[in-house]
Amino acid sequence: KQEVTQIPAALSVPEGENLVLNCSFTDSAIYNLQWFRQDPGKGLTSLLLIQSSQREQTSGRLNASLDKSSGRSTLYIAASQPGDSATYLCAVTPRSYIPTFGRGTSLIVHP
Amino acid sequence: EPEVTQTPSHQVTQMGQEVILRCVPISNHLYFYWYRQILGQKVEFLVSFYNNEISEKSEIFDDQFSVERPDGSNFTLKIRSTKLEDSAMYFCASSIRLAGAGETQYFGPGTRLLVL
């Protein structure tokens, strides 16, 4: 059974820092990996999706990498801003769309 | 910008009662999903729906759950006889094509269900 672990569980940083959020998964037979953002009391917002054949995806200040063989992904946030404060979720998906989510990393960026 | 809407935002019900959670997906989307998140726990996939059929469902989605697209706009999740452990935030999502193929899903704001 797929297990997804996210480290750290919580992170508090001053504005401007570059951040790395980690996601690991136990079964490397994945079809893709997604990073989501969840704001308090709201739904999820899709940030980046990496197909299993890809190594990384970039969107603005966000960069996600995937090492399928080692079961790891990282989300890099450059020059963090207070508006980046949210919970970041990682989810892996097999070919049949039944995603498994991690517990998330709760990020606070303070001015 | 189009968005997924869900009603009600909060619902309180007695154990054993039936509840229907409603979602209006984005109008040109063809794939629909339900997820739940128990307070303090992970987001869990429940079911995906396409062409008026369930495409995939998780172990959680047992006979107590059902989904329906009763008309051209609504997508509903019914829980026939609620249990205490059904208390959670329920999220609806939609996408143009299957999310697993790389298509972005759009999530609604959720319905918080409390079973007493």
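Residues numbered from 1 in each chain as written. Chains lettered and ligands numbered in written order. Predicted model: local features only at pLDDT ≥ 70, side-chain atom pairs only at ≥ 80, totals over all residues. Heavy atoms only, no water.

Attention shifts here to the state of the cysteines. The tally for this structure, following the rule as stated, stands at two disulfides over all chains. Two residues, Cys23 of chain A and Cys90 of chain A, share a disulfide whose sulfurs are 2.0 Å apart. Because the torsion about its S-S bond is -60°, the bridge between Cys23 of chain A and Cys90 of chain A counts as left-handed. Residue Cys23 of chain A is found in strand S3 (residues 19-25), and its partner Cys90 of chain A is found in strand S9 (residues 86-93); the two are separated by 67 residues along the sequence. Relative accessible area serves as the criterion here: at 2%, Cys23 of chain A is assigned to the buried category. Paired through a disulfide, Cys23 of chain B and Cys92 of chain B show a sulfur-sulfur distance of 1.9 Å. Looking along the S-S bond of the Cys23 of chain B-Cys92 of chain B disulfide, the torsion reads about -65°, which is the left-handed sense. (Disulfide = S-S within 2.5 Å. Helix = DSSP H or I, 4+ residues; strand = E, 2+ residues; numbered from the N terminus. Buried < 20%, exposed > 50% of the residue type's maximum accessible area, 1.4 Å probe, protein only.)

All names here are of chain B. Nonpolar side chains collect at one region of the surface, where Val12, Leu114 and Leu116 lie side by side and expose about 270 Å² of accessible area between them. Here Val12 lies in strand S2 (residues 10-13). The class of Val12 is exposed, set by a relative accessible area of 56%. (Patch = residues over 30% accessible without salt bridge, like charges linked within 9 Å, V, L, I, M, F, W, Y side chains within 5 Å. Areas by Shrake-Rupley, 256 points an atom, 1.4 Å probe, with all protein chains shown as cover. Salt bridge = Lys/Arg side-chain N within 4 Å of Asp/Glu carboxyl O.)

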